[in-house]
Amino acid sequence: KRNLVALLNWDLILLINIIDLIIKNIKIVYMLTDLEIKDIRIGFLVKKIHLGIEKNMTLCLKEKCISPQQGRIIIILYKNQNDKINQKDLEHYFNTTKGAVSGIVNRLVAKGYVKKVKDESDNRNNYLSLTQNGINLYKVIRDSMDKTNEKILSCLTSEESFNLKKYLFKVL
């Protein structure tokens, strides 16, 4: 599918955030014995990390009245500014319904973050792009993610941080 590689950029952003939140959870794990650590399920940690990412993203976007899902669409559109992304691409990427994506996109359009551009060769198709307000919102999201990364990684050396990321990529 076209744009699949470009859309995978979002997966890398999520992975980096997951890594950062794992590091935060490692602080708690240090208080456990080796036997207790052995009994912890990876799925449990991944779920805790996911919830932490959602919480951080929700807090970052709260003042802009944007949901995490809307924030993800902003990021995808920013990262793929040179590609023609339409709602169908987002449906496939998020594995969700046409109605769900349509609702999210329409709210972003109403808030002035996204605009729909008609496909000149097929008037039934609209491509999505960010407005200047959408680009500014992306920068707020990115700054928040960077600060969170720095804060979480501050407890590890650069070598520990690198190794953790390397191991997580290996597991993927």
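Okay, so let's go over this structure. If you're wondering where the values come from, they're calculated on a predicted model, not measured in any experiment.

**Observations concerning the packing of helix α4 (residues 68–79) against helix α5 (residues 87–94)**
The N-to-C vectors of α4 and α5 enclose an angle of 120 degrees; their axes lie 12 Å apart at closest approach. Here α4 lies oblique to α5, going by the angle between them. When you trace α4 past α5, the crossing you get is right-handed. Across the interface between the two elements, Gln69, Arg72, Ile73 and Ile76 from α4 touch Leu90, Tyr93 and Phe94 from α5. For the contact of α4 with α5, the class distribution of residues is 5 nonpolar, 1 polar and 1 charged.

**Examining the nonpolar core**
Ile74, Leu90, Leu108 and Val114 are the most contacted members of the largest nonpolar core, which totals 26 residues. Other than its neighbours up to four places away in sequence, Leu108 contacts Ile66, Gln70, Ile73, Ile74, Tyr113 and Val114.

**Looking at the packing of aromatic side chains**
Going through the model one piece at a time under the given rule, you end up with 2 aromatic pairs. For the pair Tyr78 and Tyr138, a centre-to-centre distance of 3.7 Å together with 10 degrees between the ring planes defines the contact as stacked. Note that Tyr78 is positioned in helix α4 and Tyr138 in helix α7 (residues 132–153), a separation of 60 residues in sequence. Relative accessible area serves as the criterion here: at 25%, Tyr78 is assigned to the partly exposed category. Taking 5.1 Å as the distance between ring centres and 80 degrees as the angle between the ring planes, the aromatic pair formed by Tyr93 and Phe94 counts as edge-to-face. We classify Tyr93 as buried; its relative accessible area is 17%. Phe94 sits in the buried class, given a relative accessible area of 18%.

**Some thoughts on the pairing of strand β2 (residues 114–119)**
With 6 bridges connecting them, β2 and strand β3 (residues 122–130) associate as antiparallel partners. From the neighbouring strand, Asp119 faces β3, where its bridge partner is Asp122. Remark: 2 residues form the turn of the hairpin made by β2 and β3, two consecutive strands paired antiparallel.

**Structural notes on the side chain of Gln87**
Tracing the chain through its elements places Gln87 in helix α5. Each residue touching Gln87, except ones within four places of it in the same chain, is listed here: Val101, Ser102, Val105, Lys116, Asn126 and Leu128.

**Some words on the sheet that holds β2**
Taken in spatial order, the 3 strands of this open sheet run β1-β3-β2, and their pairing is antiparallel. Two strands in the sheet have a free side with no partner beyond their single neighbour: β1 (85–86) and β2. Those strands touched by α4 are β1, β2 and β3, and its axis lies near 95 degrees from that of β3. Against the sheet, helix α6 (residues 98–110) engages β2 and β3, with an angle of about 110 degrees to β2.

**Here we look at the pattern of salt bridges**
Overall, the coordinates contain 3 salt bridges when judged by the stated rule. A salt bridge links Glu91 to Lys88; the nearest nitrogen and oxygen atoms lie 3.8 Å apart. In this pair, Glu91 and Lys88 are both assigned in helix α5, 3 residues apart and thus about one turn of the helix distant. Look at Glu91 and you get buried, because its relative accessible area is 11%. For Asp122, the salt bridge identified is with Arg124, shortest N-O distance 3.0 Å. By relative accessible area, which is 24% here, Asp122 ends up partly exposed.

**Focus: α5**
Counting along an α-helix, one turn takes 3.6 residues, and residues three or four places apart therefore face a common direction. Taken across its 8 residues, α5 has 6 buried, putting it largely inside the fold. Every buried residue belonging to α5 is among Gln87, Asp89, Leu90, Glu91, Tyr93 and Phe94, and all of these are buried. At the N-terminal end of α5, a side-chain oxygen is found 3.0 Å from the backbone nitrogen of Lys88, two or three residues along, and the residue is Asn86. Trailing α5 by a residue or two, Asn95 shows a phi angle of about 50 degrees, which is positive.

About the thresholds
- Residues numbered from 1 in each chain as written.
- Predicted model: local features only at pLDDT ≥ 70, side-chain atom pairs only at ≥ 80, totals over all residues.
- Heavy atoms only, no water.
- Axes fitted to C-alpha atoms, helices over the stretch in contact; angles between N-to-C directions.
- Helix = DSSP H or I, 4+ residues; strand = E, 2+ residues; numbered from the N terminus.
- Parallel < 35°, antiparallel > 145°, perpendicular 65-115°, else oblique.
- Left-handed = near helix turned anticlockwise from the far one by under 90°.
- Contact = heavy atoms within 4.5 Å.
- Nonpolar A, V, L, I, M, F, W, Y, C, P; charged D, E, K, R; others polar.
- Core = buried A, V, L, I, M, F, W, Y, C linked by side-chain atoms within 4.5 Å.
- Buried < 20%, exposed > 50% of the residue type's maximum accessible area, 1.4 Å probe, protein only.
- Phe/Tyr/Trp six-rings, centres within 6.5 Å; stacked < 30°, edge-to-face > 60°.
- Pairing = 2+ DSSP bridges.
- Salt bridge = Lys/Arg side-chain N within 4 Å of Asp/Glu carboxyl O.
- Polar contact = N/O pair within 3.5 Å; in protein donor to acceptor, adjacent residues only side chain to side chain.

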